[in-house]
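Summary of the model geometry
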Amino acid sequence: MPKIDIDIAPQLPDIKEGEIYTIAEAEVMTTAVKSYKGIRVTCTDMKNEPHGTMLWLRGEAGEQSKVGAFITALGKDTDAWISKHIQVVAWRTGNRKIQVVQ
């Protein structure tokens, strides 16, 4: 019987409202199946536990969308996001806001 050549990606818990995180990675990627474009953000909380979220890219985004909240707080250069400390002020559908903390 043939073996399946596939990797299982780890499922990280999403970021949460009220928490502070340090961004470890912001990888621009395209999904294999439907070619959706997004940014996979990986970060750690104050206990050094990993978390992550996907920011789906499109031509235009509101500042309270996931991707809009990140761009509003951090700018469009994802390389500059690395090692930034962020606090998730709001993280509900249609009401997302993050801020950079020192």
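A brief structural summary. Since we're looking at a predicted model, the values are computed, not measured. (Residues numbered from 1 in each chain as written. Predicted model: local features only at pLDDT ≥ 70, side-chain atom pairs only at ≥ 80, totals over all residues. Heavy atoms only, no water.)

1. Some thoughts on the pattern of salt bridges
Scanning all chains against the criterion turns up two salt bridges. The salt bridge involving Glu17 is made with Arg92; its shortest N-O contact spans 3.5 Å. With Glu17 in the segment before strand S1 (20–30) and Arg92 in strand S4 (residues 85–92), this residue pair connects regions lying 75 residues apart in the sequence. Taking the relative accessible area as the measure of exposure, Glu17 reaches 35% and is therefore partly exposed. Here Arg40 and Glu27 are joined by a salt bridge, their closest N and O atoms 3.4 Å apart. Of this pair, Arg40 sits in strand S2 (residues 37–45) while Glu27 is found in strand S1, placing the two residues 13 residues apart along the sequence. A residue is classified by how much of its surface remains accessible, and Glu27, at 33% relative accessible area, is partly exposed. (Salt bridge = Lys/Arg side-chain N within 4 Å of Asp/Glu carboxyl O. Helix = DSSP H or I, 4+ residues; strand = E, 2+ residues; numbered from the N terminus. Buried < 20%, exposed > 50% of the residue type's maximum accessible area, 1.4 Å probe, protein only.)

2. Notes on the nonpolar core
Counting 16 residues, the largest nonpolar core has Phe70 and Trp81 as its most contacted members. Counting only elements with at least two residues in this core, the list comes to S1, S2, helix H1 (66–74) and S4. Once you skip the residues sitting within four places of it in the chain, Trp81 turns out to touch Ile23, Ala26, Ile39, Val41, Leu55, Phe70, Ile71, Leu74 and Gly75. (Core = buried A, V, L, I, M, F, W, Y, C linked by side-chain atoms within 4.5 Å. Contact = heavy atoms within 4.5 Å.)

3. A few points about unusual backbone geometry
Positive phi is not limited to glycine here, since Asn48 has a value of about 65°. In this structure, Asn48 sits in the loop between S2 and strand S3 (50–56).

4. Some remarks on the side chain of Thr53
Note on placement: Thr53 falls in strand S3. Within polar-contact distance, the side chain of Thr53 engages the side chain of Asp14 at 2.9 Å. A polar contact is formed between the side chain of Thr53 and the side chain of Lys66, at a distance of 3.4 Å. Apart from residues no more than four positions distant in its own chain, Thr53 is found in contact with Asp14, Ile15, Ile39, Arg40, Val41, Lys66, Phe70 and Trp91. (Polar contact = N/O pair within 3.5 Å; in protein donor to acceptor, adjacent residues only side chain to side chain.)

5. Description of the pairing of S3
Among the seven residues in S3, five count as buried, and that is most of the element. Note that S2 and S3 share seven bridges and pair antiparallel. When the bridges of S3 are listed, Arg40 appears paired with Met54. Hairpin connection between S2 and S3: a loop of four residues separates the two successive antiparallel strands, and Asn48 in this loop has a positive phi of roughly 65°. (Pairing = 2+ DSSP bridges.)

6. Things to note about the side chain of Thr42
Relative to the helices and strands, Thr42 resides in strand S2. Excluding its chain neighbours within four sequence positions, the residues that come into contact with Thr42 are Leu12, Thr22, Ile23, Ala24, Glu25, His51 and Gly52.

The analysis is restricted to geometry; functional conclusions fall outside its scope.
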